[in-house]
Every structure is written in structure tokens, then in C-alpha cells.
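Structural description and commentary
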Amino acid sequence: MLFDQTATRDRRLGDVVRFARFLRAEDAAHEMPPVDVFAAPVSRPVPYIYTRDELAGILETAGRLRRQKPNPMRRHLYVILFGLIAATGLRVSEALNLRLDDVLPGGVLHIRATKFNKSRLVPLHISVVEALERYLDIRRRFAGSDDHLFLSVKGTALAYTTVNYTFRRVLQLASIAPGRTRRPRIHDLRHSFATRVLQQCGTQRDAVARHFVALATYMGHADIAHTYWYLQATPVLMGKIATVAEAWVGGDGR
């Protein structure tokens, strides 16, 4: 509620600045405040953290999507796409840009030229490797001129708008967070992955530091500050970290 009130205030003050600019154009004697003096604070929406049951429900529902004659792989495609993002924390764009050759031997994904124009290797859990291999067996039956891992009805790379629409439909069919004003997003699968990884941090300072560096590298963060953001993104996680910190200080930790 506080954020809503602050945002409303900033919008109104912004209107005042724009009105002053209009008056200044008519008469140079009118004073005009700096453009950014009432700028709205930069904020990130609190992510929706999916429970394990909700993640299972998403994959189960995706596996029951209506069959489409133009796209016989629809069910298999969305199960592995949503599951891959949930299990690795990939950005949606990174998953959609994957090519067949990006699935390397030994269960590793080659993520090329990502958001910050960097490439990285993402090792996969054995369960993900097995699911991906089953999908690839089906995908290879529909070989064509396009080598994207996930194909659209037209045989080209899937568009984000199509994936987002399908994901929202899956959430609706699975009855996930039906009463929320702000609906969960597919990008929240990435947030859920990061949050659960951080919850596995130990209590030793060096171990926590290594954990953060590893997670930042795995997720392709350009700055580790983007990884630290997840500490404040989830109240439950913040509470756990605070408890550990209090115990560490109380025990004269160094």
C-alpha cells in the first residue's frame, strides 16, 4: 500500500513538472523545477515464489495441454521448457534461443550471448539431463531448416508472447494463485530457483560467499549485487538469514 501511495504521489508531482514546462514555454518568467526532482524511485516487484507442489502442478498441466495438429510436440515442448527454466533459473529469452548444438555432451548447456552479451556453461542435474534427452528424441523427428530447441507451429523459434500466453493459461488451468491481483509470471520460475538455492546456504561466512559467487555465475548475473537482491525479495529468506546472523554474532563468529 505504501508503494502505491508513493507511486501516486510521484505521478502527480510529475504532472506538476510537465505543467510547469508548458507554462515556461509560454512565458520564460515561469520557474520550472528540474526534470528528475520528482522522479519515481526505481523498484523491482516482489517475485512470486512457487511452491514445489505448484511447480509440479505447472508441469502436470502443461502435459495435458490440448493437442494441436500443426504442433504435435506442444505438450512435450512446454513441459521441458517450463521445467528447464524452473530447474536452472535460465532467463526465458535464453531458453528460447537455445539451439540443438547448445546441448553439450555430459549434460551441459551452452548459453550464448545473453542479456549482457556474455556466454556461459550451465551444468544440469541428472534428472534434467534425462528429461531433456527424452525430449530431444522426439524433437529430432521434426528436423527442419531451423535448429532451435523449441519450435513454433511454423517451425521457427518460439516467440515470447506465445510462451507467455501459454504459461498464463497453464496457471489458470492449474488454479495457481487465482486470487492474486498481480498474477505470477514465467520469470518468477527464475526467481524461485534462485531463492531455493540461497536457502541452502550454510552458516559459515566463507561458504555463503562461495555460494553467492557460484549462483551469480550460474545465472549469468553481470554484478553480484543482482544476486544479493534475492535476500530482500523474500521475507522468509530474509528471516532465515537474520536468524543465522544473530546466532553468528552471539557466538562471537569471525
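Attention now goes to the overall build of the protein chain. On a plain count of helices and strands, the protein chain comes out with 10 helices and 3 strands. Reading the helices (α) and strands (β) of the protein chain from amino to carboxyl end gives α-α-α-α-β-β-β-α-α-α-α-α-α. For the protein chain, buried positions account for 36% of its 254 residues. Residue pairs in contact within the protein chain that sit at least 24 positions apart in sequence constitute 56% of those at least 6 positions apart. Total accessible area on the protein chain stands at roughly 15500 Å², and carbon and sulfur atoms take up 56% of it.

Once that is clear, we can look at the packing of aromatic side chains. Summed over the entire model, instances satisfying the criterion amount to 6 aromatic pairs. Residues F193 and Y218 carry aromatic rings whose centres are separated by 5.8 Å and whose planes lie at 25° to one another, so their mutual orientation is stacked. In this pair, F193 sits in helix α7 (residues 188-198) while Y218 sits in helix α8 (residues 205-219), placing the two residues 25 residues apart along the sequence. Residue classification places Y218 among the buried positions, given a relative accessible area of 19%. Members of the aromatic cluster, connected to one another through ring pairs, are Y48, Y50, Y78, F82 and F167.

This paragraph deals with the environment of I85. Its location among the elements puts I85 in helix α3 (residues 74-88). In sequence terms I85 and S192 are 107 residues apart; their C-alpha atoms lie 10.0 Å from each other. Those residues in contact with I85 that lie beyond four places of it in its chain are L90, V92, A95, I186, L189 and R190.

Let us now look at the pattern of salt bridges. Per the counting criterion, the structure on display carries 7 salt bridges. Note that E60 and R64 form a salt bridge whose closest N and O atoms lie 3.1 Å from each other. Note on accessibility: E60 and R64 belong to one class, exposed. Salt-bridge contacts for R91 lead to E94; the nearest nitrogen and oxygen are separated by 2.5 Å. The exposure classification of R91 matches that of E94, with both residues buried.

One open sheet holds the 3 strands; their spatial order is β1-β2-β3, and the pairing between them is antiparallel. Each end of this open sheet is capped by a strand with a single partner; those strands are β1 (103-104) and β3 (120-123). Relative to β3, strand β2 (residues 108-111) is paired through 4 bridges, and the arrangement is antiparallel. Across the sheet, the residue bridging to L109 is V122, located in β3.

Moving on, we come to the side chain of H148. Inspection of the secondary structure puts H148 in the loop between α5 (126-139) and α6 (160-173). Judged by relative accessible area, H148 falls into the buried class, the value being 9%.

This part takes up unusual backbone geometry. In the Ramachandran plot, S175 falls in the positive-phi region, its phi being about 55° despite a non-glycine side chain. Mapped onto the secondary structure, S175 falls in the loop between α6 and α7. Of note, the phi angle at A177 is positive, near 50°, even though the residue is not glycine. Positionally, A177 belongs in the loop between α6 and α7.

With that out of the way, let us pick up the packing of helix α2 (residues 52-62) against α3. At a minimum axis distance of 8 Å, the contact between α2 and α3 shows a crossing angle of 160°. Taken together, the axes of α2 and α3 are roughly antiparallel relative to one another. Facing L55, I58, L59 and A62 of α2, the residues of α3 in contact are R75, Y78, V79, F82, G83 and A86. Counted by class, the contact of α2 with α3 contains 8 nonpolar, 1 polar and 1 charged residues.

So, on to the confidence of the model for the protein chain. Here the protein chain averages 80 in pLDDT, and 76% of its residues register 70 or above. Across the protein chain, α2 holds the top mean pLDDT of 96, while helix α10 (residues 235-250) sits lowest at 57.

Calculation criteria
- Residues numbered from 1 in each chain as written.
- Predicted model: local features only at pLDDT ≥ 70, side-chain atom pairs only at ≥ 80, totals over all residues.
- Heavy atoms only, no water.
- Helix = DSSP H or I, 4+ residues; strand = E, 2+ residues; numbered from the N terminus.
- Buried < 20%, exposed > 50% of the residue type's maximum accessible area, 1.4 Å probe, protein only.
- Contact = heavy atoms within 4.5 Å.
- Areas by Shrake-Rupley, 256 points an atom, 1.4 Å probe, with all protein chains shown as cover.
- Phe/Tyr/Trp six-rings, centres within 6.5 Å; stacked < 30°, edge-to-face > 60°.
- Salt bridge = Lys/Arg side-chain N within 4 Å of Asp/Glu carboxyl O.
- Pairing = 2+ DSSP bridges.
- Axes fitted to C-alpha atoms, helices over the stretch in contact; angles between N-to-C directions.
- Parallel < 35°, antiparallel > 145°, perpendicular 65-115°, else oblique.
- Nonpolar A, V, L, I, M, F, W, Y, C, P; charged D, E, K, R; others polar.
- pLDDT = per-residue confidence, 0-100.

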